[in-house]
Amino acid sequence: TAACRALLRLIKPFKWASTFMPVLPFAMLDFVNSPVPFVAGMSVEGDHAMHLIEEDIRVIEAQSEGMSIINLKTGALHITSESGIGNKLSLSSTLRKKIHALHRRLITLAENNKSSIHSLKQFCTTGVSAKERLTLQAASSSIEKYFGGLLGDVASGDGWLEQYGKMDEASGQYVFHAKWMIEALRAELRFQEDLIQTQLFHSFVDSERVKTEEIEEARNGDAARFIADWLVFRWKKREGMVASLGACA
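Notes on the structure in this doc start here. Keep in mind that this is a model prediction, so the values were computed, not measured.

## What to know about the overall build of the protein
Link 1 in the chain: Looking only at helices and strands, one finds eleven helices and six strands in the protein.
Link 2 in the chain: Over its C-alpha atoms the protein spans a radius of gyration of 25 Å, topping by over 25% the 18 Å that the globule rule assigns to 249 residues.
Link 3 in the chain: Along the three orthogonal principal directions, the C-alpha set of the protein runs to about 75 × 65 × 35 Å.
Link 4 in the chain: Burial analysis of the protein (249 residues in total) assigns 14% to the buried set.
Link 5 in the chain: Partitioning the intrachain contacts of the protein with sequence separation of at least 6 by distance along the chain shows that 33% fall at a separation of at least 24.
Link 6 in the chain: For the protein, the separation between the mean place of its 29 positive charges and that of its 30 negative charges on side chains is 9 Å.

This is the structure:
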């Protein structure tokens, strides 16, 4: 239930408008062949029960017709085998790097014996630490920002309805025309493609390359290692002081 609800939060600013079943009983497994979009969760005990579900003919058929599965125990994502879907799935390299970095930070934080990340019972009782909460919020915000960027002018809230819509005289409301927005996005992409081929853009790339190389050199230099060692020393010293104060209390 918690995982399904978290998934719905991660699609912000969109709101899930179809079927949502946080717990799907095994007796209702036929539901996975439903023709409507859905988000559903299943709780099973043991690897054998999980294997039975993954190898069930109903699940296999559903996966070939649009259903994807997340195995929360292994962390594996099984994308639908429906033709053409895999080619449409892409993720910003910047977002991917940021999510991976935040994931590594969570793994490090989870090494603390007091962490509740690996215990749902402890999580519901005490919640996560301040550092873990900030890391999770950063991941959620990054994903929301990425989705917001896919909205184009609609996210700005300034005149987009008049640009991509037409007043329906019968209802007195604007009717959104997706085709008009797609045409505008394609025109912008064509302009971007032409811009990338210009000397102006190549000069910009060269200047950014030099900046990046200088930053990487600074990161790997003696000064960077000195700062990193100093920060680790201060952090360990602070953690020792906090532990000592806790013991005195």
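Next comes the rest of the write-up.
## So, a negative patch on the surface
Link 1 in the chain: A surface patch of like charges, here negative, comprises Asp153, Asp158, Glu162 and Glu188.
Link 2 in the chain: Topologically, Asp158 is positioned in the loop between helix 7 (130-149) and helix 8 (160-164).

## Re the pairing of strand 5 (residues 165-168)
Link 1 in the chain: Bridge count between strand 5 and strand 6 (residues 173-176): four bridges; the pairing is antiparallel. For Lys166, the partnering residue across the bridge sits in strand 6 and is Val175.
Link 2 in the chain: Here strand 5 hands over to strand 6 after four residues, with Gly172 in that stretch at a positive phi of 75°.

## Describing the nonpolar core
Link 1 in the chain: Residues Met21, Leu24, Leu29, Phe31, Val32, Phe38, Ile53, Val59, Ala62 and Met67 constitute the largest nonpolar core, which totals ten residues.
Link 2 in the chain: If near-sequence neighbours (up to four positions away) are discounted, Val59 is found in contact with Leu29, Val32, Ile53, Glu54, Met67 and Ile69.

Reading guide: rules and limits
Residues numbered from 1 in each chain as written. Predicted model: local features only at pLDDT ≥ 70, side-chain atom pairs only at ≥ 80, totals over all residues. Heavy atoms only, no water. Helix = DSSP H or I, 4+ residues; strand = E, 2+ residues; numbered from the N terminus. Rg over C-alpha atoms; globule rule 2.2 N^0.38 Å. Buried < 20%, exposed > 50% of the residue type's maximum accessible area, 1.4 Å probe, protein only. Contact = heavy atoms within 4.5 Å. Lys, Arg positive; Asp, Glu negative; His and termini not counted. Charge placed at Lys NZ, Arg CZ, Asp CG, Glu CD. Patch = residues over 30% accessible without salt bridge, like charges linked within 9 Å, V, L, I, M, F, W, Y side chains within 5 Å. Areas by Shrake-Rupley, 256 points an atom, 1.4 Å probe, with all protein chains shown as cover. Salt bridge = Lys/Arg side-chain N within 4 Å of Asp/Glu carboxyl O. Pairing = 2+ DSSP bridges. Core = buried A, V, L, I, M, F, W, Y, C linked by side-chain atoms within 4.5 Å.

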